[in-house]
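Listed here are the chains, written in short residue letters.
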Amino acid sequence: MSEPIRGKGVISGIAVGQALLAGQNLDGYLAAYHPGSAAEEQSKAEAALVAVTENLLATIERLRREEQAEQAAILEAHRMMVQDPMMAENIKSKIEACGSAPQGILDAANEQAKIFEQMEDEYFAARAVDLRDVGKRIAKYVLGVKEPEIGAGQVILCGEEIEPSVVAGMPTEQIAGVILGSGSATSHVVIIAKARAIPTVLGIGDKIDLIQDGDEIILDGSRGDIIIRPTEAERSLYQTKIEEQKKLAAHYAALKDLPAVTKDGVRIELTANIGTHMDVDNALTYGAEGVGLFRSEFVFMGSTTIPTEEDQFKAYRAAVEKCGGHICVIRTMDIGGDKPLPYLNIAPEENPFLGYRALRISLDRHDLFLPQIKAILRAGLYGKAAMMVPMVISVSEIQRVLKLVEQAKVELAHEGKEYSDDVQIGIMVETPAAAVVSPLLSQYVDFFSIGTNDLIQYTLAVDRGNAQIAHLYNPFNPAVLRLVQGTIQSARERGIWAGMCGEMASDPYAAVILLGMGITELSMSAPSIPRVKEMIRSVTSTQAKELLADVMKMEHGVEIRAYLHKMLESSDASAGV
Ligand code: PEP
Ligand code: MG
């Protein structure tokens, strides 16, 4: 057997299919293109802009009908790029300069993409791909180049970069996997693939050139392995793995309606992290008991202007209703850090994660915050809504939040709008400061939800997105565990509930330790729920407390994880199927 090509597995699962080279190179088409008169080239570009807009609108419409909101939002951004008057102006002048419509279009898009590429912010840099995608789409129209032809079988999309529109425009069941030469975990094509659970490997560099159209490919999105033109032995090895994958999926599906309860009867609520109200249905299929984190910033990011109270009310109400009596925790806008919002015009910052973000913006901009609070309070009439504020560092912040909630209620009453008085108000504990002063903060709120994604980066001073220091980003680091334990203890002493909505909650070993600490809710991306549930059902709360006591005596995060692995490996949960 040959050595597999190893990249970075970003979406797990094993996929088998025929390679489809999706990042089309237009050089050959451009060389064969004969431009017409200056006026003809300009009108070809104008016609292409109209046709591509119409085509995008049709795809967006289809995606919306299929409730693929995130993907629709990405293509909506593309549509805006196509219709951007600056883009049209730029294309016009580039065609004037080079005399060719397709070349002028590509030049204009590349020029704008380069501006994005130079930005240090990874999010904006990734948008350069979207701009090139848009440029290629328009140029292809003029050149008469068709989008990839899809046959009857499943394909593995391969390319140095793949335009997000290629993935978004294809039916899910036809894409078995995605391979990218470059790309980052936050690039839009990966976001789309994640929403569809398509196994994905990226970062194989120029080895992407080894793949030819139609090659048979096996891809392992967990390990990051790619096998091109597998041998019979490799095929049968992976076939066994695929069978195991199917059995495991069926096994997990059977857990859906069982409660997350320990052998001695301690119940934990398992809820889902969502980005739009449309994610709730999918979350429920994994057995989520409501929503522990609705990242409302996606409501803001999916819009080109500040969403109105009414727009927000509709989105929150839909999520609350879909939760059908289970809790729906709506986090107020967490913009900033790695989630910019162009229309807020926030000036570039040296340290965005330590900057003007989240609650800091909300407390500064009542014109943004009050409509959001009002929308959440109104949505509370349709089920069990809760409001949660991110990035808290002090008591004074939560006192100001509570005052604004009161103000929102007075204004709603004055406006004759009905709202719920039972909406719980909680905070995310995601800064070391909040964890340390949790005994003080607990006086003012109904719950804590520990946001370990940020808590770990701030506690350990480790950038959560920096691959070079990823080994330092360890949820089992004793400093992190102490802050988490202290937070849960403060909540228990005050008689309020404590949950966790950071990624740590989706780690089955961590779940046992958190159970030992007395946590009562764990919120995670929905596909992780069955594994965590199975682990909880395999232990007793006494066992969890004993393991916690052992772990809290240890000095190294790596040692703690290894110990938990050893102790829990033989339990029912990790025995698999
Ligand atoms: C967190 O910080 O743990 C969290 C859940 O929020 P986000 O990942 O959106 O920052
Ligand atoms: Mg956070």
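Please refer to the structure higher up on the page.
This structure is a prediction, so every number in the text was calculated from the model and none was measured.

Colleague: Can you help me understand the overall build of the protein chain in this one?
Modeller: Assigned secondary structure in the protein chain consists of 23 helices and 16 strands. Relative to the globule expectation of 25 Å for 577 residues, the C-alpha radius of gyration of the protein chain, 25 Å, shows essentially globular dimensions. In terms of principal-axis extent, the alpha carbons of the protein chain reach across some 80 × 70 × 40 Å. Scored against the burial criterion, the 577 residues of the protein chain give a buried share of 52%. Contacts in the protein chain between residues far apart in sequence, at least 24 positions, make up 68% of those at least 6 positions apart. The protein chain carries 55 positive and 78 negative side-chain charges, and their two centres are separated by 4 Å.

Colleague: Looking at this model, I keep getting lost on the packing of aromatic side chains. Mind explaining?
Modeller: Between two aromatic rings, the relevant description is the distance of the centres plus the angle of the planes. Summed over the entire model, instances satisfying the criterion amount to 3 aromatic pairs. Judged by centre distance (5.8 Å) and plane angle (90 degrees), the rings of Phe 294 and Tyr 316 are edge-to-face. Linking Phe 294 in strand E10 (residues 291-295) with Tyr 316 in helix H12 (residues 309-322), this pair joins segments that are 22 residues apart in sequence. Here Phe 294 and Tyr 316 have matching classes, each one buried. Between Phe 447 and Trp 497 the ring centres are 4.5 Å apart and the planes differ by 5 degrees, which places this aromatic pair in the stacked class. Here the residue Phe 447 occupies a position in strand E14 (residues 447-450), and Trp 497 occupies one in strand E15 (residues 497-500), the gap between them amounting to 50 residues. Under the relative-accessibility criterion, Phe 447 is labelled buried at 0%. The lysine or arginine in question, Arg 378, covers the ring of Phe 313, its NZ or CZ lying 4.1 Å from the ring centre.

Colleague: In this structure, what is going on with the nonpolar core? I would like to understand it.
Modeller: A general trend in soluble globular proteins is that nonpolar side chains are found buried together. Tyr 316, Met 387 and Leu 522 are the most contacted members of the largest nonpolar core, which has 99 residues in total. Setting aside chain neighbours within four positions, we find Met 387 in contact with Ile 330, Thr 332, Phe 369, Ile 373, Ile 376, Val 401, Val 405, Val 423, Gln 424, Ile 425, Gly 426 and Phe 447. Core analysis: the second largest hydrophobic core is formed by 51 residues, Ala 48, Ala 72, Ala 128 and Ile 192 among them.

Colleague: Explain the sheet that holds strand E9 (residues 269-274) to me, please; I cannot follow it from the model alone.
Modeller: Hydrogen bonding along the main chain pairs the strands of a sheet, whether they run parallel or antiparallel. Strands sit in the order E9-E10-E11-E12-E13-E14-E15-E16 around a closed barrel of 8 strands; the barrel is parallel. Across the sheet, the mean angle separating the axes of adjacent strands is 25 degrees when strand polarity is ignored. With 3 bridges connecting them, E10 and strand E11 (residues 327-331) associate as parallel partners. What sits directly across from Val 291, in E11, is Cys 328. Against the sheet, H12 touches E10, E11 and strand E12 (384-389), its axis set at about 150 degrees to E11.

Colleague: What is the right way to read the site of ligand 1 from this model?
Modeller: Around ligand 1 sit 14 residues, and of these Arg 295, Arg 331, Gly 451, Asn 453 and Arg 464 come closest. Within the side chain of Arg 331, one N or O atom sits 2.8 Å away from an oxygen atom of ligand 1. A distance of 3.0 Å is found between an oxygen atom of ligand 1 and a side-chain nitrogen or oxygen belonging to Glu 430. For ligand 1, whose free accessible area comes to 290 Å², the fraction covered by protein is 98%. The dominant element in the shell around ligand 1, judged by the number of residues it contributes, is helix H18 (residues 452-460), at 3 residues. By residue class, the composition of the shell around ligand 1 is 3 nonpolar, 4 polar and 7 charged.

Conventions and cut-offs
- Residues numbered from 1 in each chain as written.
- Chains lettered and ligands numbered in written order.
- Predicted model: local features only at pLDDT ≥ 70, side-chain atom pairs only at ≥ 80, totals over all residues.
- Heavy atoms only, no water.
- Helix = DSSP H or I, 4+ residues; strand = E, 2+ residues; numbered from the N terminus.
- Rg over C-alpha atoms; globule rule 2.2 N^0.38 Å.
- Buried < 20%, exposed > 50% of the residue type's maximum accessible area, 1.4 Å probe, protein only.
- Contact = heavy atoms within 4.5 Å.
- Lys, Arg positive; Asp, Glu negative; His and termini not counted.
- Charge placed at Lys NZ, Arg CZ, Asp CG, Glu CD.
- Phe/Tyr/Trp six-rings, centres within 6.5 Å; stacked < 30°, edge-to-face > 60°.
- Lys NZ or Arg CZ within 6 Å of the ring centre and 35° of its normal.
- Core = buried A, V, L, I, M, F, W, Y, C linked by side-chain atoms within 4.5 Å.
- Pairing = 2+ DSSP bridges.
- Axes fitted to C-alpha atoms, helices over the stretch in contact; angles between N-to-C directions.
- Near = heavy atom within 4 Å.
- Polar contact = N/O pair within 3.5 Å; in protein donor to acceptor, adjacent residues only side chain to side chain.
- Areas by Shrake-Rupley, 256 points an atom, 1.4 Å probe, with all protein chains shown as cover.
- Nonpolar A, V, L, I, M, F, W, Y, C, P; charged D, E, K, R; others polar.

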